[in-house]
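Examining the three-dimensional arrangement
So the chains spell out like this:
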Amino acid sequence: MMAIRELKVCLLGDTGVGKSSIVCRFVQDHFDHNISPTIGASFMTKTVSCGNELHKFLIWDTAGQERFHSLAPMYYRGSAAAVIVYDITKQDSFHTLKKWVKELKEHGPENIVMAIAGNKCDLSDIREVPLKDAKEYAESIGAIVVETSAKNAINIEELFQGITFHVRMLRGGEMK
Ligand SMILES: Nc1nc2c(ncn2[C@@H]2O[C@H](COP(=O)(O)OP(=O)(O)O)[C@@H](O)[C@H]2O)c(=O)[nH]1
Ligand SMILES: [Mg+2]
């Protein structure tokens, strides 16, 4: 029988950057232009096979609004990884991302894998955040970084594969 390894992941970032859309693309391979705003948080799972193992992602998608901020620790506590999302067309959302990283470093699990997703890369003609800035920042904090498009299904699989890879390395090749 194949072993099932569970991996808790939370999504953080400003409202409207596409957190729920990334989860929807990853879990259901679907994109909804009229996706509803997340209230509080929502939970989804997806199981993927990886070599001779099954990896079950337990995904907590949080709301970005300030009024839900105090709930965030419930979701990042015990997470193996955090996907911190910004919108490449909104400089403000990159600023918010840095605040999330700071909070994770101060209050998050010690070995949490941080993955930065610069979403809406299909809109690169109206980009405000250069990829170079995101790469330099990610390198400075030891995070994974990738530009994604939930809309056009760009780098969504790769984002979660990158997370699995890093979590495996941290756990010494064994997913526990
Ligand atoms: N162009 C484009 N729009 C996107 C993308 N991802 C999400 N959106 C749109 O951005 C808006 C907010 O998305 P949502 O997933 O609710 O963001 P959340 O608040 O971070 O969960 C919605 O209108 C989505 O259709 C993307 O990759 N490209
Ligand atoms: Mg949402």
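Residues numbered from 1 in each chain as written. Chains lettered and ligands numbered in written order. Predicted model: local features only at pLDDT ≥ 70, side-chain atom pairs only at ≥ 80, totals over all residues.

A look at the overall build of the protein chain
When its secondary structure is counted, the protein chain shows five helices and six strands. For the protein chain, the α and β elements follow one another from N to C terminus as β-α-β-β-α-β-α-β-α-β-α. Here the C-alpha atoms of the protein chain give a radius of gyration of 15 Å, agreeing with the 16 Å that 2.2 N^0.38 yields for 176 residues. A principal-axis box enclosing the C-alpha atoms of the protein chain has dimensions of 50 × 35 × 30 Å. Taken over 176 residues, the protein chain has a buried fraction of 41%. Considering only intrachain contacts with a sequence separation of at least 6, the fraction spanning at least 24 residues in the protein chain is 69%. (Helix = DSSP H or I, 4+ residues; strand = E, 2+ residues; numbered from the N terminus. Rg over C-alpha atoms; globule rule 2.2 N^0.38 Å. Buried ≥ 20, exposed ≤ 12 C-beta atoms within 10 Å, placed from the backbone. Contact = placed C-beta atoms within 7 Å.)

Some points on the site of ligand 1
In the region of ligand 1, 19 residues are neighbours, and Gly18, Lys19, Ser20, Ser21 and Lys151 sit closest. Broken down by element, the shell around ligand 1 gets its largest block of residues, three residues, from helix 1 (residues 19-28). Looking at the shell around ligand 1 residue by residue, the class counts come to five nonpolar, ten polar and four charged. (Near = placed C-beta within 6 Å. Nonpolar A, V, L, I, M, F, W, Y, C, P; charged D, E, K, R; others polar.)

Considerations on the sheet that holds strand 2 (residues 41-50)
Pairing in this open sheet of six strands is mixed, and the strands run 2-3-1-4-5-6 from one edge to the other. Each edge of the open sheet carries a strand with a single partner, namely strand 2 and strand 6 (144-147). Across the sheet, the mean angle separating the axes of adjacent strands is 25° when strand polarity is ignored. Where strand 1 (residues 3-12) lies against strand 4 (residues 81-87), four bridges are found, and the strand directions are parallel. Its bridge partner lying in strand 4, cysteine 10 is registered against alanine 82. (Pairing = 2+ DSSP bridges. Axes fitted to C-alpha atoms, helices over the stretch in contact; angles between N-to-C directions.)

Focus on the pairing of strand 6
In summary, the side chains of a regular strand alternate between the two faces of the sheet. Here four bridges tie strand 5 (residues 113-119) to strand 6, and the two strands are oriented parallel to one another. By the bridge assignment, glycine 118 is partnered in strand 6 with glutamate 147. Following the backbone out of strand 5, through helix 4 (residues 131-141) and into the adjacent parallel strand 6, one traces a crossover that is right-handed. (Right-handed = clockwise from strand over helix to strand, strands pointing away.)

Here's the deal with unusual backbone geometry
Even without being a glycine, aspartate 29 presents a positive backbone phi close to 50°. Among the residues examined, aspartate 29 registers 10 C-beta atoms within 10 Å and is labelled exposed. Residue asparagine 155 is not a glycine yet carries a positive backbone phi of 60°. Looking at where asparagine 155 falls in the secondary structure, it is placed in the loop between strand 6 and helix 5 (156-170).

A few points about helix 1
Given 3.6 residues to a turn, an α-helix orients residues that are three or four positions apart in the same direction. With seven of its ten residues buried, helix 1 lies for the most part within the structure. Residues Lys19, Ser20, Ser21, Ile22, Val23, Arg25 and Phe26 constitute the buried set of helix 1. Packed against the buried residues of helix 1 are strand 1, strand 2, strand 3 (53-62), strand 4, strand 5 and helix 5. Positive backbone phi, approximately 50°, marks aspartate 29, located one or two places after helix 1.

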